[in-house]
Amino acid sequence: MSDNVKIILAVLGILVGGGFTFSYLTSPSESEDFPDGGTWAKCNACQAMQVIDPEMRGKFYEENPNMMGRPMACPKCNKGALMDGLKCPTKGCFYTQAKQSKDGAPACPVCSSKLP
Ligand SMILES: [Zn+2]
Ligand SMILES: [Zn+2]
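Residues numbered from 1 in each chain as written. Chains lettered and ligands numbered in written order. Predicted model: local features only at pLDDT ≥ 70, side-chain atom pairs only at ≥ 80, totals over all residues. Heavy atoms only, no water.

1. Some remarks on the coordination of the zinc ion (ligand 1)
The condition that has to hold: Water is not part of the atom set, so a site may look incomplete; the donors themselves are N, O and S atoms within 2.8 Å of the metal, or 3.2 Å for Na, K and Ca. A four-donor site is called tetrahedral if each angle lies between 85 and 135 degrees; a four-donor site is square planar, and a six-donor site octahedral, when trans pairs exceed 155 degrees and the remaining angles lie between 65 and 115; all other cases are labelled irregular. Runs of E in the DSSP output that reach at least two residues are strands. Runs of H or I that reach at least four are helices, and both are numbered from the N terminus. Exposure categories follow from relative accessible area, calculated using a 1.4 Å probe and restricted to protein chains: below 20% of the type maximum is buried, above 50% is exposed, and the middle band is partly exposed.
Here the zinc ion (ligand 1) is held by C43 (SG), C46 (SG), C74 (SG) and C77 (SG), and the distances to it run 2.3 Å. Coordination geometry of the zinc ion (ligand 1): the 4 donor atoms subtend angles of 105 to 115° at the metal centre, consistent with an arrangement described as tetrahedral. Sequence spacing of the donor residues for the zinc ion (ligand 1), all on one chain, is C-x2-C-x27-C-x2-C. With C43 in strand β1 (residues 39-43) and C77 in the loop between α3 (54-63) and β3 (82-87), the pair connects residues that are 34 residues apart, well separated along the chain. The class for C77 is partly exposed, based on a relative accessible area of 23%.

What follows is the structure, given as structure tokens:
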């Protein structure tokens with residue numbers, strides 16, 4: 001187990017122990033949509049899309065314990081909050097939840113491309 005994983009587990013333990021519930025902890029795993037273990041996130045201020053990996057996330061909450069339980073601040077503009085989401089592999093659209101196409105397959109809610 002690497003140090004990074006230990007940090008993440010510690011952070012998650014603090015969050016869970018603090019009684020916070022996070023939808024991303026209970027939502028079904030879609031790990032194949034996460035590049036290199038990171039999570040796509042979009043800033044609600046500068047609209048920058050960026051991959052946040054567990055190491056960055058762990059470091060942020062370690063350095064900013066007062067932000068615990070709140071969205072991570074945008075590292076690009078330091079103003080906005082990051083929304084966790086996914087990236088459409090076809091056109092690179094950012095979305096937070098896939099929609100279902102008529103045949104039941106998951107599809108991008110922005111451009112309606114089929115997701116793998
Ligand atoms: Zn930003
Ligand atoms: Zn798309």
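2. Things to note about the nonpolar core
Stated precisely, the cut-off is as follows: As used here, the term nonpolar core means buried Ala, Val, Leu, Ile, Met, Phe, Trp, Tyr and Cys residues forming a set that is joined through side-chain atoms within 4.5 Å.
With 12 residues, the main nonpolar core is built from V11, A41, C43, I52, F60, Y61, M67, M68, M72, A73, C74 and L82. Of all elements in the fold, only β1 and α3 reach the threshold of two or more residues within this core. Grouped together as the second largest cluster of nonpolar side chains are 6 residues, C88, C93, Y95 and C108 included.

3. Re the coordination of the zinc ion (ligand 2)
Distances from the zinc ion (ligand 2) to its protein donors, C88 (SG), C93 (SG), C108 (SG) and C111 (SG), fall at 2.3 to 2.4 Å. Its 4 donor atoms give the zinc ion (ligand 2) angles of 105 to 116° at the centre, a pattern that matches the tetrahedral case. In primary sequence terms, the donor set of the zinc ion (ligand 2) follows C-x4-C-x14-C-x2-C.

4. Quick notes on α3
Let me state the cut-off plainly: Starting at the helix axis, one direction is taken to each C-beta atom, and the arc is that of these directions.
For α3, every residue scored as buried is listed here: R57, G58, F60 and Y61. Along the axis of α3, the buried residues cluster in a sector spanning 160°; they form a single face. Counted as exposed and oriented over 90 degrees from the buried face of α3: E62 and E63.

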